[in-house]
Amino acid sequence: GQANPTLSETITGFVNGENTSTAGITGTATGSTTATAATGVGIATITGSTGTLVAANYDFIPADGTVTITRRPVNVTADAQSKTVGSEDPVLTYQTEAQTAARGLLQNETLTGSLERTGGETLGSYAITQGTLTNVNNGNYAISFIGNALTINSVPLVLPYLTPTPVPVVSPVMAPVQPPVVTGGAVELVTPSGVMPVISQTAVAPMVVEPAFVTLPIGKIVTAATTSLSGGFVDAKPLTVALVETTAFITPLPQNIFTHSDARATILLAVRMADGTALPVWMTFDPGKRVITGTPPKGVTGEFNVVVIASDQFGGEAHAEMKVVVGK
């Protein structure tokens with residue numbers, strides 16, 4: 001890769017103690033070679049010539065010489081690489097040092113061979129080695145190799161960004177209740193602030209109601225505290241449902257019943273019995289409207305512990321319980 005050095009000559013064979021300075025020599029010798037900057041490693045011939053040499057007491061005979069072409073040094077540095085478990089290896093690449101007059105990969109030239117790595121497909125770091133990128137395969141270069149490593153990582157869990165769809169809260173619609181007709185007693189309509197009306201009977205008396213939501217006082221809904229939080233869930237508000245004595249009920253779940261730490265979380269709701277079984281056939285949950293409804297059949301009494309389950313796409317859950325009391 002370098003230009004030829006300046007060719008020089010040495011004159012020998014003087015007698016009587018003479019030398020190039022005292023032998024009366026004039027003129028210069030010349031030499032030439034076919035070697036160029038592109039000539040590969042090896043020894044090239046320098047063809048000697050007497051040129052214009054003249055001396056009164058000497059005849060000049062030309063002799064050939066040689067020029068030795070050595071390997072060009074170059075540093076090769078492997079690039080760090082990575083992949084996930086089970087995937088194909090990336091191409092093992094490298095960088096060479098910048099070209100100078102005497103070092104580095106020559107312009108428009110490439111090295112022959114490829115890097116390799118130590119075997120293994122489990123999590124960890126594996127050495128990148130010189131492989132076949134050697135001096136043997138690159139006769140004009142003296143390669144100094146600097147290794148690196150390939151790291152095998154676990155497969156990341158990529159969750160899609162889900163935009164929660166607002167679901168309107170459906171408020172219960174109470175059919176109009178006509179003033180009851182009371183004989184021998186009294187019926188009082190009690191409406192606590194901010195909750196659904198409570199019909200409480202203070203005396204036994206017949207009552208007349210329009211085709212209606214409320215008919216007979218045989219059921220009610222009460223709330224209970226949060227039972228569990230996990231993952232990104234940071235709060236689950238108690239259900240703000242008042243006691244409702246009725247044969248049928250509609251219970252919309254508040255929009256903010258559950259609080260999550262990640263604004264991207266999509267919260268899905270489900271309802272089941274606290275013991276893990278499905279809701280009874282007379283009780284249903286509409287996840288789209290976020291409404292629990294029920295119509296206990298005649299003869300059904302008791303306490304029914306219901307749990308509202310919120311889950312997100314990250315595996316977190318929160319539970320809030322409510323109790324449906326029928327016939328008490």
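Our structure's up above, just so we're on the same page.
All of these numbers come straight from a predicted model, not from anything done at the bench.

Novice: For the sheet that holds strand β1 (residues 30-33), give the residues involved together with the corresponding values.
Specialist: Reading across from one edge, β1-β2-β3 is the order of the 3 strands in this open sheet, with antiparallel pairing throughout. Taken across any chain shown, the strands that pair with only one partner, and hence form the sheet edges, are β1 and β3 (65-69). The average undirected angle you get between the axes of adjacent strands in this sheet is 30°. Where β1 lies against strand β2 (residues 42-49), 4 bridges are found, and the strand directions are antiparallel. Note on β2: the bridge partner recorded for Ser32 is Thr47.

Novice: Would you mind going over the packing of aromatic side chains in detail, with residue names and values included?
Specialist: Applying the stated criterion to the full structure yields 2 aromatic pairs. Between Trp282 and Phe304, the ring centres sit 5.1 Å apart and the planes meet at 85°, which makes this aromatic pair edge-to-face. With Trp282 in the loop between β17 (268-273) and β18 (283-286) and Phe304 in strand β20 (residues 302-311), this pair connects stretches of sequence that are 22 residues apart. Lying across the ring of Tyr126, Arg117 places its NZ or CZ 5.3 Å from the centre.

Novice: Describe the sheet that holds strand β7 (residues 116-117), listing the residues and the values that go with them.
Specialist: Pairing is mixed across the open sheet formed by 4 strands, whose spatial order is β5-β10-β8-β7. The open sheet has two free edges, formed respectively by β5 (81-84) and β7, since each of these has just one partner strand. Sheet topology note: the strand β8 (residues 124-129)/strand β10 (residues 148-153) ladder contains 5 bridges and is antiparallel. Bridge pairing links Ile128 to Asn148 in β10.

Novice: Residues and numbers for the pairing of β20, please.
Specialist: The buried fraction of β20 is high, at 7 of 10 residues. Bridging between β17 and β20 involves 6 bridges; their strand directions are antiparallel. Counted as the bridge partner of Ala270 is Ile309 from β20. The pairing of β20 with strand β21 (residues 317-326) spans 10 bridges and is classified as antiparallel. What sits directly across from Phe304, in β21, is Val324. Where β20 folds back on β21, the antiparallel hairpin that results is connected by 5 residues, among which Gly315 adopts a positive phi of roughly 100°.

About the thresholds
- Residues numbered from 1 in each chain as written.
- Predicted model: local features only at pLDDT ≥ 70, side-chain atom pairs only at ≥ 80, totals over all residues.
- Heavy atoms only, no water.
- Pairing = 2+ DSSP bridges.
- Helix = DSSP H or I, 4+ residues; strand = E, 2+ residues; numbered from the N terminus.
- Axes fitted to C-alpha atoms, helices over the stretch in contact; angles between N-to-C directions.
- Phe/Tyr/Trp six-rings, centres within 6.5 Å; stacked < 30°, edge-to-face > 60°.
- Lys NZ or Arg CZ within 6 Å of the ring centre and 35° of its normal.
- Buried < 20%, exposed > 50% of the residue type's maximum accessible area, 1.4 Å probe, protein only.

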